[in-house]
Amino acid sequence: MYGLHDDEERARRIGRDLRARRERDGLSLPQVAKQTGVSSGTIKRFEQFGAGELAGPFRYEPWGAEYLERWLDGTLTPEIRTKHDIQRILERDTSLSREQVKTLVAEMWAAYDRVSNH
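This structure is a prediction, so every number in the text was calculated from the model and none was measured.

Novice: Where do I start with the packing of helix α1 (residues 8-25) against helix α4 (residues 62-73) in this structure?
Specialist: Pairs of packed helices are described in terms of their axes, by the angle between the two and the distance that separates them. Here α1 crosses α4 at 45 degrees, and the two axes come no closer than 10 Å. The angle between the axes of α1 and α4 places the two elements in the oblique class. Seen from above, α1 lies across α4 with left-handed handedness. Contacts between α1 and α4 involve Arg10, Arg13, Ile14, Asp17, Leu18 and Arg21 from the former and Pro62, Ala65, Glu66, Leu68, Glu69, Trp71 and Leu72 from the latter.

Novice: What am I meant to see in the packing of helix α2 (residues 29-36) against α4 here?
Specialist: Contact pair α2 / α4: the axes reach a minimum separation of 10 Å and the direction vectors enclose 100 degrees. Between α2 and α4, the angle is such that the two are roughly perpendicular. Counting all contacts with α2, which are made through Val32, Gln35 and Thr36, the residues of α4 involved are Tyr67, Leu68 and Trp71. Tallied by class, residues from the contact of α2 with α4 come to 4 nonpolar, 2 polar and no charged.

Procedures and definitions
- Numbers given to residues run from 1 along each chain, matching the order in which its sequence is written.
- Only residues with pLDDT of 70 or above have their local features reported here, since the model is predicted, and side-chain atom pairs are shown and tallied only from 80 upward, although totals for entire chains, interfaces and linings are computed over all residues.
- Side-chain measures here rest on the full set of heavy atoms in the structure, leaving out hydrogens and waters.
- Axis geometry follows a simple rule: fit a line to the C-alpha atoms, using only the stretch in contact for helices, then measure angles between N-to-C directions, giving values from 0 to 180 degrees.
- Working definition: helices are DSSP H or I runs of at least four residues, strands are E runs of at least two. Numbering for both runs from the N terminus.
- These descriptions rest on fixed angle ranges, namely under 35 degrees for roughly parallel, over 145 for roughly antiparallel, 65 to 115 for roughly perpendicular, and the rest for oblique.
- Helix crossings fall into two classes, left-handed where the near helix is turned counterclockwise from the far one by less than a right angle and right-handed where it is turned clockwise.
- Contacts were defined at the residue level, with two residues in contact if any of their heavy atoms lie within 4.5 Å.
- Classes in brief: Ala, Val, Leu, Ile, Met, Phe, Trp, Tyr, Cys and Pro nonpolar; Asp, Glu, Lys and Arg charged; the others, Gly included, polar.

Read these as geometric descriptors, not functional statements.
This is the structure we're talking about:
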């Protein structure tokens, strides 16, 4: 499973940029959640942390930060979301070893690429 990260500088930058973009574009938290695949609650916590409204370190999953960063810079695609979702689902299966997950992820991504590129 992905480990939690405490990169405060990254989280603050994402939070500040998210709030600025939402306000500029007149988007609600649920609208951004739908576009990014990241929950409204997580987006709100990023924004609060960026504004200094949360005390202490902010723990988050790296994929959520990546989705938000990619959304902010316009590089979040359905392919990225799909591939990450496949990996996250497999990583939650406690009957699979880390090596099995790596093998399955590679095979499933390759199958996805074969089907989606034709």
